[in-house]
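Listed here are the chains, written in short residue letters.
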Amino acid sequence: MTREMTGAEMVIQALADQGVEHLFGYPGGAVLPIYDALFERNDVRHILVRHEQGAVHAAEGYARSTGKVGCVLVTSGPGATNAVTGLTDALCDSIPVVCITGQVPTHLIGNDAFQECDTVGITRPCTKYNYLVKTIEDLPRALHEAFHIARSGRPGPVVVDIPKDIQFAKGVYSMPEEIPHKGYRPKLKPDADKVKAAVALMTKAKRPLFYTGGGIINSGPAASKLLRELVQATGFPITSTLMGLGAYPASDPQWLGMLGMHGTWEANWAMHDCDLMINIGARFDDRITGRLDAFSPGSTKIHVDIDPSSINKNVKVDLPIIGDCTHVLEDMLRLWRETKAKPDKKTLDGWWKQIGNWRARKSLAYHNSKEIIKPQYAIERLYALTRDRDVYITTEVGQHQMWAAQFFKFEEPNRWMTSGGLGTMGYGLPASVGVQLAHPGSLVIDIAGEASVLMTMQEMSTAVQHRLPVKIFILNNQYMGMVRQWQELLHGGRYAESYTHSLPDFVKLAEAYHAVGIRCDKPGELDAAIIEMINVDKPVIFDCVVDQAENCFPMIPSGRAHNEMLVGDAAERLEDAITEEGKVMV
Amino acid sequence: MNTTASTTHYPAQTITQRTETHTLSVLVDNEPGVLARVIGLFSGRGYNIDSLTVSETEHQKHLSRITIVTTGTPMVIEQIINQLDRQVPIHRVVDMSTLSVPAIERELAMVKVRGKGENRVEALRLADAFRARVIDATTESFIFEITGASAKIEGFIALMMPLGVVEVSRTGIAAISRGPEGM
Ligand SMILES: Cc1ncc(C[n+]2csc(CCOP(=O)(O)OP(=O)(O)O)c2C)c(N)n1
Ligand SMILES: [Mg+2]
């Protein structure tokens, strides 16, 4: 379609042509023409947030739960700077987001005009790419390129900064036929000989381990499906990062649980002792590796990643494979099936037996209580009471996030939205708004901490306005629990500023937002309260009053190796861990 | 619970390697902000820039060529190349230091020398030996132009120093591969 229109109309037209149905935003002087254009049509629905950070997190939740690009519209100056945390979050977790920012008119740029900021300068290091569009002729291409760049290769946020005079200017709009940028062509298909070499290593492995990450989720549902087939065809154990949860079903016996700083005993020990590591779509983050020179010291390492800069960044690998997870998994699976030679069954059984012994340690065990709700118990109950439903989970950042990762079992990809790379408190509530919008009939729960959730609490208004019945399930321990835990373990129990003083009454707060508030502080009443929450067709704030002193285990203290993991005192003692269960082959 | 580990949030650096100096040729779209992008990448990730030159080299295609000399461990050099390569407006990155035949690297310097009498004669004699040209002259000064490998320029400046160097302007290194093939 080629037609004359204003820059502002082009923005909305380009969004519609890109299939955008929902736009998260907040108006202001420098984007008023775009809001005017939006007013004229109803194919793109605008969701008014209460803070621009919330707009980006909502777009992230939307994107992560659908695989589509999340879309944001904010004004110049403070609108753009408020969006920066969200953009950085999206960059760290490779979430596709297009953020359109208004800018002062071109003739005022550089003049310290009202609400001017150097948006492209500020967002350059926290976006995958950004544009300052200086002529109306460049606008259609910039908009469509932005979507292409955001979603292709390793996804990420893209900013398009549009001065107000360009929004008013008239020009000819057309949807470019060929979007790919001249210099930007991510490599999707792996080298055949590399995949062959990988499969050859897999057939000879004695103690193999799959280590998967968010790359599988980003690659799309096909990647998760292929991963399941490959893991099952090989019979190898599998662990994953925080970002990769759900790619492989947590109920499957080959699943070892999450690895890393708060990963399971068995996942971290398997990582430490494996002789072949097959990393698919994970990036050797420091929360995973612990002390680098003691990280999986004896293994041959295969690393599949779409981004060549992830290779050999932290950990030197033996066989890098550049490509999209789906393509690589497809090739691996085909070759594996064609290959006659398979790992020695006896050897593999021995490896599983060893893993059984580690599992018998029961590293996630905790002392339950009849008087006080243990946070782990709360998540276990939340999981048990929602497992047959169509449920999506978002989280804030802290202990509750780690307990959610440990105790909520994900069977499908795109069901788990959390801020991994940046660790942004305040992510979960707005993210749940985005998720609920994309999945109107589903149960969307933000597993929250009382400190985190206050950072973006204002988005309750957004949920109420747009009738999004999100459930904010707060594990209220009256502490910045994760901070308190570090202070307890590493700073002599000096709890400097980690007590969350003067908390609001969350039930009244919910009511003030015209939402529903529920409080529960007794284990015996928890199930009924959770069921009540599920059955309310409105946004709910659930104040789950939990044990203030509970710590999150296992834990690899920073700077330590995987085999120096700490476990809670409820776990089986090492000497007793080799039980009957451990001897059972899986 | 006995934790004597460091109280930092992060693991200590445990891998140390020798550092090397590499010259990288980077072909980029000549668009606003591209240089800021490259420099921001270096400062943001803590990489070194020993020398940097930029100029548009293909006007029709709006392509510029950046030559960067950097120092780092082999792992860091590999990272730098990959981090540059993934930037949207960067077309190609070539490590000129790992070509099968070493690339040619040149630099241009202009050196202003102030002096009278015997020093002037000596300066001209040195310039002649280094094939430096006189591009400006007054009764009490010369400006010499010299091109060559950085070591030659360093040598020239060092020898000129006692003769009254008052100002030096250098372009930084430009590099090109030998033989018939283009970048
Ligand atoms: C925006 C931001 N500021 C500070 C931090 C550091 N931080 C990490 S966890 C945490 C405490 C979170 O407390 P809460 O939300 O109550 O969760 P809990 O650990 O108690 O479950 C803090 C302050 C952060 N991750 N993000
Ligand atoms: Mg808390």
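Just so it is clear, the structure is predicted and the values come from calculations on it, not from any experiment. (Residues numbered from 1 in each chain as written. Chains lettered and ligands numbered in written order. Predicted model: local features only at pLDDT ≥ 70, side-chain atom pairs only at ≥ 80, totals over all residues. Heavy atoms only, no water.)

(A) Highlighting the overall build of chain B. What chain B contains, in helices and strands, is four helices and nine strands. Walking chain B from its N terminus toward its C terminus, one meets helices and strands in the order β-α-β-β-α-β-β-α-β-β-α-β-β. For 183 residues, the compact-globule estimate of 2.2 N^0.38 gives 16 Å, and chain B exceeds it by more than 25% at 21 Å. Projected onto its principal axes, the C-alpha coordinates of chain B cover approximately 80 × 50 × 35 Å. (Helix = DSSP H or I, 4+ residues; strand = E, 2+ residues; numbered from the N terminus. Rg over C-alpha atoms; globule rule 2.2 N^0.38 Å.)

(B) Quick look at the sheet that holds strand 3 (residues 63–72) of chain B. All names here are of chain B. Spatial strand order, 2-3-1-4: four strands in an open sheet with antiparallel pairing. In the strand order of this sheet, the two ends are held by strand 2 (51–58) and strand 4 (90–95), each with one partner. Geometrically, the sheet is characterised by an average inter-axis angle of 20° between neighbouring strands, direction not taken into account. The pairing of strand 1 (residues 20–29) with strand 4 spans five bridges and is classified as antiparallel. For valine 28, the partnering residue across the bridge sits in strand 4 and is isoleucine 90. Packing against the sheet, helix 1 (residues 34–44) makes contact with strand 1, strand 2, strand 3 and strand 4, and its axis sits at approximately 10° to strand 3. (Pairing = 2+ DSSP bridges. Axes fitted to C-alpha atoms, helices over the stretch in contact; angles between N-to-C directions. Contact = heavy atoms within 4.5 Å.)

(C) Local environment of the interface of chain A and chain B. Between chain A and chain B, the contact holds 36 residues from the first and 29 residues from the second. Summing both sides of the interface, chain A and chain B together bury roughly 2,800 Å²; the carbon and sulfur share of this comes to 56%. In terms of surface lost to chain B, no three residues of chain A exceed Arg124, Tyr129 and Ser309 of chain A, which account for 20% of the buried area on that side. For the pair chain A and chain B, the interface holds two salt bridges. (Buried area = accessible area lost by both parts, 1.4 Å probe. Salt bridge = Lys/Arg side-chain N within 4 Å of Asp/Glu carboxyl O.)

(D) Fine view of the packing of helix 3 (residues 52–66) of chain A against helix 4 (residues 78–92) of chain A. Residues and elements named next belong to chain A. Running from N to C, helix 3 and helix 4 point in directions that differ by 30°, and their axes come no closer than 7 Å. When the axes of helix 3 and helix 4 are compared, the pair comes out roughly parallel. Seen along the crossing, helix 3 lies across helix 4 with a hand that is right-handed. Here Glu52, Gln53, Val56, His57 and Glu60 of helix 3 come into contact with helix 4, specifically with Gly79, Asn82, Ala83, Thr85, Gly86, Leu87, Asp89 and Ala90. A per-class count over the contact of helix 3 with helix 4 returns four nonpolar, six polar and three charged. (Parallel < 35°, antiparallel > 145°, perpendicular 65-115°, else oblique. Left-handed = near helix turned anticlockwise from the far one by under 90°. Nonpolar A, V, L, I, M, F, W, Y, C, P; charged D, E, K, R; others polar.)

(E) Region of the structure containing the coordination of the magnesium ion (ligand 2). Residue and element names in this part refer to chain A. Of the protein atoms, only Glu450 (OE), Glu450 (OE), Asn477 (OD1) and Tyr479 (O) coordinate the magnesium ion (ligand 2), at distances of 2.0 to 2.7 Å. Geometry at the magnesium ion (ligand 2) is irregular, judged from the six donor atoms that bind it and their angles of 51 to 173° at the metal. All donors to the magnesium ion (ligand 2) come from one chain, and their sequence spacing reads E-x26-N-x1-Y. Placement of the pair is glutamate 450 in helix 18 (residues 450–453) and tyrosine 479 in the loop between strand 18 (471–476) and helix 20 (481–490), with a sequence separation of 29 residues. (Donors = N, O, S within 2.8 Å, 3.2 Å for Na, K, Ca; no water. Tetrahedral: all angles 85-135°; square planar, octahedral: opposite > 155°, others 65-115°.)

(F) A look at the nonpolar core. Residue and element names in this part refer to chain A. Ranked by size, the top nonpolar core spans 107 residues in total, and within it Met332, Phe473 and Phe542 carry the most contacts. For this core, the element with the highest residue contribution is helix 13 (residues 325–338), accounting for seven residues. For methionine 332, the contacting residues outside a window of four places in its chain are Val195, Ala198, Val199, Met202, Leu230, Ile278, Val304 and Ile321. Core analysis: the next-biggest nonpolar cluster, separate from the first, contains 43 residues, Ile95, Val435, Tyr513 and Ala515 among them. (Core = buried A, V, L, I, M, F, W, Y, C linked by side-chain atoms within 4.5 Å. Buried < 20%, exposed > 50% of the residue type's maximum accessible area, 1.4 Å probe, protein only.)

(G) Expanded view of the site of ligand 1. Residue and element names in this part refer to chain A. Gln399, His400, Gly423, Ser452 and Gly481 are the nearest of the 17 residues found near ligand 1. Here an oxygen atom of ligand 1 sits 2.8 Å away from a polar atom, N or O, in the main chain of glutamine 399. At 3.4 Å from a nitrogen atom of ligand 1 is found a main-chain nitrogen or oxygen belonging to methionine 425. Isolated, ligand 1 exposes 590 Å² of accessible area, and the fraction of that covered by the protein chains is 76%. Elements with a contribution of two residues or more to the shell around ligand 1: helix 16 (399–407), helix 18 and helix 20. In terms of residue class, the shell around ligand 1 is made up of eight nonpolar, eight polar and one charged. (Near = heavy atom within 4 Å. Polar contact = N/O pair within 3.5 Å; in protein donor to acceptor, adjacent residues only side chain to side chain. Areas by Shrake-Rupley, 256 points an atom, 1.4 Å probe, with all protein chains shown as cover.)

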